[in-house]
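Structural overview
Next come the chains, spelled out residue by residue.
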Amino acid sequence: MNAQRLIDTAKALMAGDKGLLAMDESTPTCNRRFAKLGIAETEAARRAYRDMIVTTPGLGECISGAILYDETIRQRTDRGLPFAQALAQAGIIPGIKVDGGAKELAGHPGELVTEGLDGLRKRLPEYVAMGARFAKWRAVITIGDGLPSRGCIDANAHALARYAALCQEGGLVPIVEPEVLMEGGHSLGQCAAITEDVLRAVFDQLHTQRVMLEGILLKPNMVLPGSTRAEQSTVDEVADATVASLLRTVPAAVPGIAFLSGGQSAELASARLNAMNVRFKSRMPWALAFSFARAIQQPALEIWGGLAANVPAAQQALFHRADCNRAARRGEYDAAADAPRRAPS
Ligand code: 13P
């Protein structure tokens, strides 16, 4: 394992005020989002959509790394360049989702465990050869009546740690993503307690599996009240609860934390990240960034709608969201003035 190379890649992903773009929706997830907008659920449409994203003018000003899916890393832009190469030319480090998806956990109704460890060691060199320098694995934790169970937390933490160790062995920086879902009627405090419990289990397992913390990135959920809970929290309450949970559980050796958006609106995700950086920047030992999929892509996807004629407008919307999140990293996001502006050409 070349430790210094992993450390350098992790630092490069967190450099300055940039963040990550998750564009690694699996085929079923991508199709589901297309179907809602009446877009054809075909490989050609998925390729055209990813082409729109990757060729967005100026994207590399805001985005340090982009996470691809197995299908996408094998596809090419309209100009015939493999997506990973096109990203690298735009100054964006290519990454790859390597998990096999969250499946029902035996003996634990309503809970999931992420699969994909079998054969993972053999799959990584091909991704490295295609240009990937980092990887992602998402674990899913559901809050509910009596959930999550110890069995679910521990199984997912163990799998995340095994994945992370294999990635480091193979020369890829692992993004460790334990997502506590926002669906449900739970309180902010319940989400905080469960998020902390999960993160403690994850870092315990990372240590047990001899993962080098300087060469990983953490991709957690923000601490939020459940999406169906009547009393919602203010932006500052979310910022305070999230940073408090992270300060209690994430070792200072970890170079960066890049949030998932999890179904928050694009504007709220930016505002909450901004508030964390405004209120706590001097107290946090790690960079606090973003690794959003929906909170960067959704407005652009809706504008694109599967039509080539809409590509320039969709790219402007994509750039705008990326730029808003870049401002949020600096603590300079202006929610009131968050209106689309032109991408540089
Ligand atoms: P969202 O930002 O849409 O939650 O997606 C992030 C991600 O990569 C989920 O694995």
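We now turn to the structure provided with this report. Not measured: the values here are computed from a predicted model. (Residues numbered from 1 in each chain as written. Predicted model: local features only at pLDDT ≥ 70, side-chain atom pairs only at ≥ 80, totals over all residues. Heavy atoms only, no water.)

A few points about the overall build of the protein
Heads up, the condition is: To qualify as a helix, a DSSP run of H or I must reach at least 4 residues; to qualify as a strand, a run of E must reach at least 2; elements of each kind are numbered from the N terminus. For the radius of gyration, the atoms used are the C-alpha atoms, and the globule rule reads 2.2 Å times the number of residues raised to 0.38. Accessible area is worked out with a 1.4 Å probe on protein chains only. A residue is then buried under 20% of its type maximum, exposed over 50%, and partly exposed in between. The criterion used for residue contact is that any of the two residues' heavy atoms lie within 4.5 Å. For the accessible areas, the method is Shrake-Rupley and the probe is 1.4 Å, while residue cover comes only from the protein chains on display. Counting rule applied: Lys, Arg positive; Asp, Glu negative; His and chain ends not counted. Lys charges are placed at NZ, Arg charges at CZ, Asp charges at CG and Glu charges at CD.
The secondary structure content of the protein amounts to 12 helices and 10 strands. The C-alpha atoms of the protein give 19 Å as radius of gyration, which agrees with the globular expectation for 345 residues (20 Å, within 12%). By residue count, 56% of the 345 residues in the protein fall in the buried class. Sequence separation of at least 24 residues holds for 78% of the intrachain contacts in the protein that already meet a minimum separation of 6. Of the roughly 13,900 Å² that the protein leaves accessible, carbon and sulfur atoms contribute 51%. Charged side chains of the protein number 38 positive and 37 negative; the gap between the two group centres comes to 4 Å.

Let's talk about the pairing of strand β7 (residues 173–180)
Filter applied, for reference: At least two bridges found by DSSP between two strands are what make those strands a pair. Looking down the strands as they point away from the viewer, one classifies a crossover as right-handed if the path from the first strand across the helix to the second runs clockwise.
Of all 8 residues that make up β7, 8 are buried, and the element is covered over most of its length. Neither face of β7 is open: one carries V173, I175, E177 and E179, the other P174, V176, P178 and V180, and all of them are buried. Note: strand β6 (residues 134–141) against β7, 8 bridges, orientation parallel. Directly across from R138, in β7, lies its bridge partner E177. Running through helix α7 (residues 150–170), the crossover from β6 to the neighbouring parallel element β7 is right-handed. Sheet topology places β7 next to strand β8 (residues 217–218); 2 bridges connect them, and they run parallel.

Concerning the nonpolar core
Rules: Nonpolar core, defined: a set of buried Ala, Val, Leu, Ile, Met, Phe, Trp, Tyr and Cys residues in which side-chain atoms within 4.5 Å join the residues together.
Counting 119 residues, the largest nonpolar core has Y163, L206 and L288 as its most contacted members. What L288 contacts, discounting residues up to four positions off in sequence, is V243, L246, I257, F259, L273, M276, N277 and R329.

Observations concerning the site of the ligand
Note the threshold: Each residue is tested against the molecule or strand, and it is near if at least one of its non-hydrogen atoms lies within 4 Å. Definition of a polar contact: a pair of N or O atoms within 3.5 Å, with one able to donate and the other able to accept a hydrogen when the atoms are protein atoms, and with sequence-neighbouring residues admitted only if both atoms are side-chain atoms.
As a matter of local geometry, the ligand sits amid 13 residues, with K136, K219, S261, G262 and R294 nearest to it. Here an oxygen atom of the ligand sits 2.6 Å away from a polar atom, N or O, in the main chain of G262. For the ligand, an oxygen atom lies 2.7 Å from a polar atom in the side chain of R294. When the free accessible area of the ligand is taken as 300 Å², the share hidden by the protein chains comes to 93%. At the level of secondary structure, the elements contributing two or more residues to the shell around the ligand comprise β6 and β10 (287–292).

Observations regarding the packing of aromatic side chains
This is how the line gets drawn: Pairing of aromatic rings covers Phe, Tyr and Trp, the last through its six-membered ring, and needs centres within 6.5 Å; plane angles under 30 degrees mean stacked, over 60 mean edge-to-face, and all others mean tilted.
This model, assessed by the stated rule, comprises 5 aromatic pairs. Ring centres 5.2 Å apart and planes at 40° place the aromatic pair Y49 and W304 in the tilted group. You can see Y49 sitting in helix α3 (residues 43–54) and its partner W304 sitting in helix α11 (residues 294–304), a full 255 residues away along the chain. With a relative accessible area of 3%, W304 lands in the buried category. Three or more aromatic residues link up through ring pairs in this structure, and these residues are F34, Y49 and W304.

So, helix α8 (residues 188–208)
Condition: To estimate how far a helix should reach, multiply one less than its number of residues by 1.5 Å.
Compared with an ideal rise of 1.5 Å per residue, which puts 21 residues at 30 Å, α8 spans 30 Å between its outermost C-alpha atoms and is within 8% of the ideal. Looking at the residues trailing α8, positive phi occurs at R210, about 65°.

Quick word on unusual backbone geometry
Negative phi is the rule for most residues except glycine; trans is the rule for most peptide bonds. Omega for the peptide link from L147 to P148 comes to 5°, which places this bond in the cis form. Structurally, the position occupied by P148 is in the loop between β6 and α7. The phi dihedral of R210 is positive, around 65°, even though this residue is not glycine. Turning to its location among the elements, R210 is positioned in the loop between α8 and β8. For R210, a relative accessible area of 75% translates into the label exposed.

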